Amino acid sequence: MQYLRDINRRNRSAGVACTPSVCSAHPQVLLASLLLAQSRQRPLLVEATSNQVNQFGGYTGMQAADFIAHVQRIGQAHGIDRSLVLFGGDHLGPQVWRDQDAHSAMAHASALVASYVQAGFGKIHLDCSEGCAGEAAQVGDALSAQRAAQLARVCEQAARNPQALSYVVGTEVPPPGGARAEDGAMRVPPTSAQSARLTIAAHQQAFAQQGLQEAWGRVTGLVVQPGLEFGPDHVQHFDLQAPDSLSEVLAPHPQLAFEAHSTDYQKPPVFAALARRHFTVLKVGPALTFAYRQAVYALDALATWLAPQSPRAALAQVLEQLMQAEPQHWRKHYSGDARALHLLRHFGYADRVRYYWGQPAAKSAVAQLMQLLAEQPEPLAPLLAQHFADPVLEGAQTLQSQGFAWPQALVLAQIQAALNPYFLAPQ
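Residues numbered from 1 in each chain as written. Predicted model: local features only at pLDDT ≥ 70, side-chain atom pairs only at ≥ 80, totals over all residues. Heavy atoms only, no water.

**Student:** What is the right way to look at the side chain of Arg-218 in this model?
**Tutor:** Locating Arg-218 in the fold gives a position in the loop between helix H7 (213–216) and strand S6 (219–223). By relative accessible area, which is 5% here, Arg-218 ends up buried. Engagement of the side chain of Arg-218 in a polar contact is seen with the side chain of Glu-156, the distance being 2.5 Å. In contact with Arg-218, other than residues within four places in its own chain, are Arg-5, Glu-156, Pro-162, Gln-163, Leu-165, Ser-166 and Tyr-167. (Helix = DSSP H or I, 4+ residues; strand = E, 2+ residues; numbered from the N terminus. Buried < 20%, exposed > 50% of the residue type's maximum accessible area, 1.4 Å probe, protein only. Polar contact = N/O pair within 3.5 Å; in protein donor to acceptor, adjacent residues only side chain to side chain. Contact = heavy atoms within 4.5 Å.)

Structural data, given as C-alpha cells:
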C-alpha cells in the first residue's frame, strides 16, 4: 500500500493528488475500469464490501480469495498489468451480522477481516459504527473505535507482513450504498471538524489500549462526509463554494488523509476540488453499474430496430421478473406507489438492479442480446447517436480497434465515461 502513502504525502504537501476506488464485482465494470487504468498507466483500487464478499459468500457468492482471483482472471485475459491493481476491503466489521448479539457479530467480523488480509487485501476499512442486536443503530465513537482496534489486532496477526497493510477508520452517514428511501431529498450535512477530531482521537486511543501504536502509523484514511450524497431519485451535488472546515483537522496527523464515499454522479470538477481538501480516495460503485444498465438497456432498444423478429424477451422485462420475485434487495431502498416503484427499480440512482445481473436468467438474457447484436452489422451512426452520447461513441471506436465487438465496446465505453472524470483529477 505504498502507493496510498505516496498519494497522501503528495496531497498533504502540494494540496492535490487523489485516486479512484472502484467498488464493484460486476465483470464488465471491472473490465472497463482495468482497461481505463491501463490506458492511463494509473494504479486502480478495486474494493469489495462485506455485503458483497465475506466468509459465507456474500451476495456475490465469493469469499475474499475468490474476489481477488475473479479480478485477476479478468485482467489476465486482457493483458492488464497486475501491478496496477490494488485491493481494498470496504466497511469491514459486524455490519452484515448486526441482527446478532455483539459477541457473535464481532466473532464473524474477526473471521471476515482475517480472511481479507490472508487473501491479499492491503487496504482495510475498519467500520464498526453500526450497532448489533439490542444496541443503537449507530454506536458512539468510543465503542466503534474499540471494536475497530480489536479487528486491527486480528489483521496484524493474520498478515504475513503487517507493514503492507493500510487502515482506514470512520464511516459516513447515511449508510453504505446511498441514502435510504425514508431519507427523501434531505441534504446530508458535512462532518463537522469537531466530530472528525473526536473520531481520530477515539481510534488513536483505542489502538494504543490494544498495544497497536505501530499499527496506528499505518492508518492512512479517515472516512468523513464532505457534503455529497445520492438517494433513490436525487443527487446532492457537492457545493464547490462551501468553506473547507475539515482540512485543519489533519494538521497533527501527517500520515492521514480523508476518504470520500458515495461520490457517484458528482460533476467532474468536484473530484479535483475534493483532492484540494485532502480527500485522496474517491469511491465509486453504483454509478458504474448504473452506466452498465444504461448501456445494455440502450442496446436492447437498438435490437428492436436491428432484429425486430427476434423472439427474445425484452431485457427490462427479465429484470423486472427477477426483482419482483426477490424484492429484498430493493424494497427497503425505494418508496412510492406502484408506478414509482417500477421506475425506481430500473432507473433509481441507488441502482439496486445491480444485485440481479449475476442471476442465471439475467446473465442468459444479456448474453443472448449481445450475441444477437454481434451478428448484426454495426448500425448507422444516426441510430447509434439516438442511444449513446458522442464521448461514448468515440470511446467505443477505440475499444473496437482493440478487438472488442461493437456491442461490448459500447458497454465498456459507457462505463468508462462515468469513471473517466476520476482519472482526470490530479494524481
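**Student:** Would you mind going over the sheet that holds S6 with me for this structure?
**Tutor:** Neighbouring strands of a sheet are bound in pairs by backbone hydrogen bonds; such pairs are parallel or else antiparallel. Taken in spatial order, the eight strands close into a barrel running S1-S2-S3-S4-S5-S6-S9-S10, and their pairing is parallel. Averaged over all pairs of adjacent strands, the angle between their axes in this sheet comes to 25°, without regard to strand direction. For strand S9 (residues 257–260) and strand S10 (residues 279–284), the ladder comprises three bridges, and the chain directions are parallel. Its bridge partner lying in S10, Phe-258 is registered against Phe-279. Packed onto the sheet, helix H1 (residues 2–14) meets strand S1 (19–23), strand S2 (44–49), strand S3 (85–92), strand S4 (123–126), strand S5 (166–170), S6, S9 and S10 and runs at close to 125° relative to S10. Contacts from helix H2 (residues 27–40) reach S1, S2 and S3 within the one sheet, and its direction differs from that of S2 by about 160°. (Pairing = 2+ DSSP bridges. Axes fitted to C-alpha atoms, helices over the stretch in contact; angles between N-to-C directions.)

**Student:** In this structure, what is going on with the confidence of the model for the protein? I would like to understand it.
**Tutor:** Close reading of the predicted structure is inappropriate where its pLDDT is low. Mean pLDDT for the protein: 94, with 97% of residues reaching 70 or above. This model gives residues 174–178 a pLDDT under 50, and the stretch forms 15 contacts once residues within four places in sequence are excluded. (pLDDT = per-residue confidence, 0-100.)

**Student:** Honestly, helix H12 (residues 360–374) in this entry has me stumped. Any pointers?
**Tutor:** Residues separated by three or four positions in an α-helix point in the same direction, a consequence of the helix having 3.6 residues per turn. Across its 15 residues, H12 extends 21 Å between first and last C-alpha, which sits within 8% of the 21 Å expected from 1.5 Å per residue. Within H12 the residues assigned to the buried category are Ala-362, Ala-365, Val-366, Leu-369, Met-370, Leu-372 and Leu-373. Along the axis of H12, the buried positions cluster into a sector of 160°, meaning they face one direction only. Away from the buried face of H12 by more than 90 degrees, exposed residues Pro-360 and Lys-363 are located. For H12, the elements touching its buried residues are helix H9 (286–306), helix H10 (315–325) and helix H15 (406–424). (Expected span 1.5 Å × (residues − 1). Arc of directions from axis to C-beta.)

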